Amino acid sequence: MRRTPSGKAHLGQRSRNKVRDDAYSFLECSAEKANLPDEGRFAMKLEGGCQCGDVRYAVEGEPEHVALCHCADCRKSSGAPTVAWAAFKWPEFTLTSGKPSIYNSSGSAMRHFCPRCGTGILYANEEYLPGLVDLQVATLDDPDALPPQAHIQVAERVGWMQHLDKLPEFERYPG
Ligand SMILES: [Zn+2]
Ligand SMILES: [Zn+2]
């Protein structure tokens, strides 16, 4: 799946942790590039955004890969046991409103999130995923559009995440 050394792309190492708010000029460049014609490209246009609606984006293209990541870094960042990611090329991504804040969660990992409501939007790592933007699939208006193809980083998976299919299910809260 990931064309990077396993255990590195989303690995949780507590180093150089800091919030960066000043690095969004490159997104304006990517928006310009996204308007360039690219004949023959698979055209899947999707839109998404954060919970409060301040940050909105569009993405058009074919994802390089779609995966559920179980690494500790994603877990802490999201406050959830796993995160679904879809990797696109940066020029395929357009920020249509708002301006995410950026948190350097480990190594060269940059996590972009809404500064108002906190929703994680995307992940970038120029060292291990050069040229790619990893979108959080759950922020899409239609998350069903990009089903995950694999579990990754399961070496760090929470134990009970392995047997979720054995749990009872309820349409709503159990009465
Ligand atoms: Zn991860
Ligand atoms: Zn928001």
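- The name an unreviewed UniProt entry gives the protein is CENP-V/GFA domain-containing protein, with Novosphingobium lindaniclasticum LE124 as the organism.
- Quoted straight from UniProt, the Sequence similarities (unreviewed entry) entry for the protein says "Belongs to the Gfa family."

### Considering the sheet that holds strand β2 (residues 45-49)
For step 1, the next point in the chain: Spatially, three strands are ordered β2-β3-β6 in an open sheet, and the strand pairing comes out antiparallel. Only two strands of the sheet have a single neighbouring strand rather than two, namely β2 and β6 (93-97). Neighbour-to-neighbour, the strand axes of the sheet open up by a mean angle of 25°, direction not taken into account.
For step 2, the next point in the chain: Sheet topology note: the strand β3 (residues 56-60)/β6 ladder contains four bridges and is antiparallel. Looking across to β6, one finds that arginine 56 is bridged to serine 97.

### As for the nonpolar core
For step 1, the next point in the chain: In terms of nonpolar packing, the biggest core is built from 31 residues, with Cys69, Trp85, Ala86, Phe88, Ile121, Val133 and Leu135 touching the most fellow members.
For step 2, the next point in the chain: Elements that contribute at least two residues to this core include exactly β3, β4 (65-69), β5 (83-89), β6, β8 (109-113), β9 (120-124) and β10 (132-136).
For step 3, the next point in the chain: Take this core: its biggest share by element is five residues, from β5.
For step 4, the next point in the chain: The contact partners of isoleucine 121, leaving out residues within four places of it in the chain, are Cys50, Val55, Tyr57, Pro100, His112, Phe113, Cys114, Gln136 and Thr139.

### Re the pairing of β10
Along a regular strand, successive side chains alternate from one face of the sheet to the other.
For step 1, the next point in the chain: Within β10, five of the five residues are buried, which leaves the element mostly enclosed by the surrounding structure.
For step 2, the next point in the chain: Burial of β10 is two-sided: the residues Leu132, Asp134 and Gln136 facing one way and the residues Val133 and Leu135 facing the other way are all buried.
For step 3, the next point in the chain: Alignment of β5 against β10, held across five bridges, turns out to be antiparallel. Bridge pairing links phenylalanine 88 to valine 133 in β10.
For step 4, the next point in the chain: Here two bridges tie β9 to β10, and the two strands are oriented antiparallel to one another. Within β10, the residue paired with leucine 122 across the bridge is leucine 135.

Rules and cut-offs
- Residues numbered from 1 in each chain as written.
- Chains lettered and ligands numbered in written order.
- Predicted model: local features only at pLDDT ≥ 70, side-chain atom pairs only at ≥ 80, totals over all residues.
- UniProt positions renumbered as here; feature names shortened; annotations may be inferred.
- Pairing = 2+ DSSP bridges.
- Helix = DSSP H or I, 4+ residues; strand = E, 2+ residues; numbered from the N terminus.
- Axes fitted to C-alpha atoms, helices over the stretch in contact; angles between N-to-C directions.
- Core = buried A, V, L, I, M, F, W, Y, C linked by C-beta atoms within 7 Å.
- Buried ≥ 20, exposed ≤ 12 C-beta atoms within 10 Å, placed from the backbone.
- Contact = placed C-beta atoms within 7 Å.

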